[in-house]
Amino acid sequence: MSNETGLSYCGEDIKKNDYDRYLTCLFAKDTVRENLFALYAFNQEIAKTAEVVSEPLTGMIRLQWWREAIEGIYEGKPRKHLVVEALAKAVTEHELKRNKLDEFINAREFDLEEAVPQNLPALEKYVRKTSSELLGLASDMVINKTSLNKKTTASLDQVCRSMGIAWGLLGIIRATPFYAAKKRIYLPQDLISQCELNTSTLFELKSSPELCEVTKVLTMAVKNHLIQARVLSKEVPKQVKSLLLLGVLADQYIKRLEANGYNPFDKALHHPKTSATWQLMWANIWGRY
């Protein structure tokens, strides 16, 4: 099903709500692009659970609906839902493992809690289960890992893990205003205490030197994970590198953070540069991310 833009429902959804990943999909092979749209649309559906429900119980019911939808896919009886039907096609064509999709849903239960990550490792664990796992599932689509040797498979898994954590942490930084408006905090508690960040000021949707200091620490972590992802660049199969172009976009956002004093309230963090497509194109040609 497509609309006047020529995009499917899932493609249009990703273009509207996850434009960065949408841009990377443009460099994937035609034969897999639509299935990537389906996977990322599935991610959007479960990631927005906390923001579309009024209480945790309702959120748990919504996540359970998706667990049952996944069960239906593997039983050959997908529910009549545009994203579910598109995901069913992707699951069939790429033989995605059900346990990975189930665990991906389970990770979003944290969004329904009021708990704050106690430290950076705890926050990294959360984004590993969400952002890294999503990247891992996407890589399962673009390459048959059974054809890879153990060393290449291990390297690819590590790269997806590191790039996923980097992108996930950057997403937390960029979404700080959004979470603050909902009185939700994903910033590590130990950094909040260490930098003496007043959360009341944050909830008033105001930046502060203390918040910028927290953001600076997180940005350094993002840069470190990007380095780890790039160390193994030569080990990564070419087919997967289009997915990893998120690193090119991450560099852009990092430069903006460094230029604005690590202020997460800078609206420039919400959109990539107008030249992003050209930069991604050249990076893709040279096999860089």
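The rules behind the values
The residue numbers shown here count from 1 along each chain, following its written sequence. Restriction of local features to residues with pLDDT of at least 70 applies here, the model being predicted, together with a cutoff of 80 or more for giving and counting side-chain atom pairs; totals for whole chains, interfaces and linings are based on all residues. Excluded from the side-chain calculations are hydrogens and water; all other atoms, namely the structure's heavy atoms, are used. Helix numbers and strand numbers start at the N terminus; a helix is a DSSP run of H or I with at least 4 residues, a strand a run of E with at least 2. With the radius of gyration taken over C-alpha atoms, the globule rule is written as 2.2 Å times the number of residues to the power 0.38. Each residue gets one of three labels from its accessible area relative to the maximum for its type: buried under 20%, exposed over 50%, partly exposed in between, using a 1.4 Å probe on protein chains only. Throughout, a contact is declared for two residues whenever any of their heavy atoms are within 4.5 Å. To count toward a patch, a residue needs a relative accessible area over 30% and no salt bridge; like charges are then connected within 9 Å, while nonpolar side chains (Val, Leu, Ile, Met, Phe, Trp, Tyr) are connected within 5 Å. Calculation of accessible area relied on Shrake-Rupley with a 1.4 Å probe; when residues are assessed, cover is drawn exclusively from the protein chains displayed. Any Lys or Arg side-chain nitrogen located within 4 Å of an Asp or Glu carboxyl oxygen qualifies as a salt bridge. Between rings of Phe, Tyr and Trp, where Trp is taken as its six-membered ring, a pair exists when centres lie within 6.5 Å; planes separated by under 30 degrees are stacked, by over 60 edge-to-face, and by other angles tilted. Put simply, a charge is over a ring when the Lys NZ or the Arg CZ is close to the ring centre, within 6 Å, and near the line of the ring normal, within 35 degrees. Polar contacts, as used here, are pairs of N or O atoms within 3.5 Å; protein pairs need one atom able to donate a hydrogen and one able to accept it. Residues neighboring in sequence count only if both atoms are side-chain atoms. Expected helix span is taken as 1.5 Å per residue step, with the number of steps being one fewer than the number of residues. Only the stretch in contact is used when a helix axis is fitted, and all axes are lines through C-alpha atoms; the angle between N-to-C directions ranges over 0 to 180 degrees. What sets the label is the angle itself: under 35 degrees gives roughly parallel, over 145 gives roughly antiparallel, 65 to 115 gives roughly perpendicular, and the rest give oblique. A crossing counts as left-handed when the near helix is turned anticlockwise from the far one by less than a right angle, and as right-handed when that turn is clockwise. Under the scheme applied here, ten amino acids are nonpolar (Ala, Val, Leu, Ile, Met, Phe, Trp, Tyr, Cys and Pro), four are charged (Asp, Glu, Lys and Arg), and all others, including Gly, are polar. Residues enter a nonpolar core if they are buried and are Ala, Val, Leu, Ile, Met, Phe, Trp, Tyr or Cys, with the set joined through side-chain atoms within 4.5 Å.

Help me out: how do you make sense of the overall build of the protein chain in this one?
Across its full length, the protein chain holds 15 helices and zero strands. Over its C-alpha atoms the protein chain spans a radius of gyration of 19 Å, differing by no more than 12% from the 19 Å that the globule rule assigns to 289 residues. Burial analysis of the protein chain (289 residues in total) assigns 51% to the buried set. Put simply, 71% of the contacts in the protein chain that link residues at least 6 apart link residues at least 24 apart.

Looking at this structure, how should I read a nonpolar patch on the surface?
A surface patch of nonpolar side chains, about 570 Å² in accessible area, is lined by Trp278, Trp282, Ile285 and Trp286. Structurally, Trp282 can be placed in helix H15 (residues 276-285). Overall, the relative accessible area of 49% leaves Trp282 in the partly exposed class.

Before we go on, may I ask you to explain the environment of Cys212 in this structure?
With respect to the helices and strands, the residue Cys212 is situated in helix H13 (residues 209-231). For the pair Cys212 and Thr31, spaced 181 residues apart in sequence, the C-alpha separation works out to 43 Å.

What should I look at first to understand the packing of aromatic side chains in this one?
Any aromatic ring pair is given by two values, namely how distant the centres are and how the planes are angled relative to each other. Per the stated rule, a full pass over the model turns up eleven aromatic pairs. Taken together, the ring pairs connect Phe110, Tyr126, Phe178, Tyr179 and Tyr186 into an aromatic cluster. Here the basic side chain of Arg184 rests over the ring of Phe110, its NZ or CZ set 5.3 Å away from the ring centre. It is Arg184 that lies over the ring of Tyr186; its NZ or CZ is 4.4 Å from the centre.

Mind showing me how you'd approach the side chain of Thr176 here?
For Thr176, the location among the structural elements is in helix H10 (residues 176-181). At 3.0 Å, the side chain of Thr176 forms a polar contact with the backbone oxygen of Ile173. Thr176 has contacts with Leu187, Leu202, Leu211 and Pro264, leaving out every residue within four places of it along the chain.

Which parts of the structure should I look at to understand helix H9 (residues 150-174)?
Residues spaced three or four apart along an α-helix face the same direction, because each turn holds 3.6 residues. Compared with an ideal rise of 1.5 Å per residue, which puts 25 residues at 36 Å, H9 spans 36 Å between its outermost C-alpha atoms and is within 8% of the ideal. Of the residues that open H9, the one with a side-chain oxygen 3.2 Å from the backbone nitrogen of Lys151 is Asn149.

How should I be thinking about the packing of helix H14 (residues 246-259) against H15 in this particular structure?
Where H14 contacts H15, the two axes come as close as 9 Å, and the packing angle between them is 135°. Here H14 is positioned oblique relative to H15, judged by the angle of their axes. As H14 runs across H15, the sense of the crossing is right-handed. In this structure, H14 uses Val248, Leu249 and Gln252 to contact H15, whose residues at the interface are Ala276, Gln279, Leu280 and Ala283. In the contact of H14 with H15, the residues fall into five nonpolar, two polar and no charged.

It is not clear to me how helix H5 (residues 56-74) should be interpreted in this structure. Could you clarify?
In this model, H5 (19 residues) spans 27 Å end to end at C-alpha, consistent with the 27 Å of a helix rising 1.5 Å per residue. Within the sequence span of H5, burial applies to Gly59, Leu63, Trp66, Arg67, Ala69, Ile70, Gly72 and Ile73. Residues of H5 that are buried make contact with helix H3 (30-47), helix H4 (49-52), helix H6 (82-94) and helix H7 (98-107).

Can you help me understand the nonpolar core in this one?
Looking at soluble globular proteins, one finds that nonpolar side chains tend to be buried together. In terms of nonpolar packing, the biggest core is built from 93 residues, with Leu36, Tyr40, Phe42 and Leu187 touching the most fellow members. At eleven residues, the largest contribution of residues to this core is made by H9. Leave out the neighbours within four places in its chain, and Tyr40 touches Ile14, Arg21, Cys25, Leu134, Ala138 and Leu243.

Looking at this model, I keep getting lost on the packing of H3 against H5. Mind explaining?
Pairs of packed helices are described in terms of their axes, by the angle between the two and the distance that separates them. At a minimum axis distance of 10 Å, the contact between H3 and H5 shows a crossing angle of 150°. Considered as vectors, H3 and H5 are oriented roughly antiparallel to each other. Here Phe42, Glu45 and Ile46 of H3 lie close against H5, whose contacting residues are Arg62, Leu63, Trp66 and Ile70. Classifying every residue of the contact of H3 with H5 by side-chain character gives five nonpolar, no polar and two charged.

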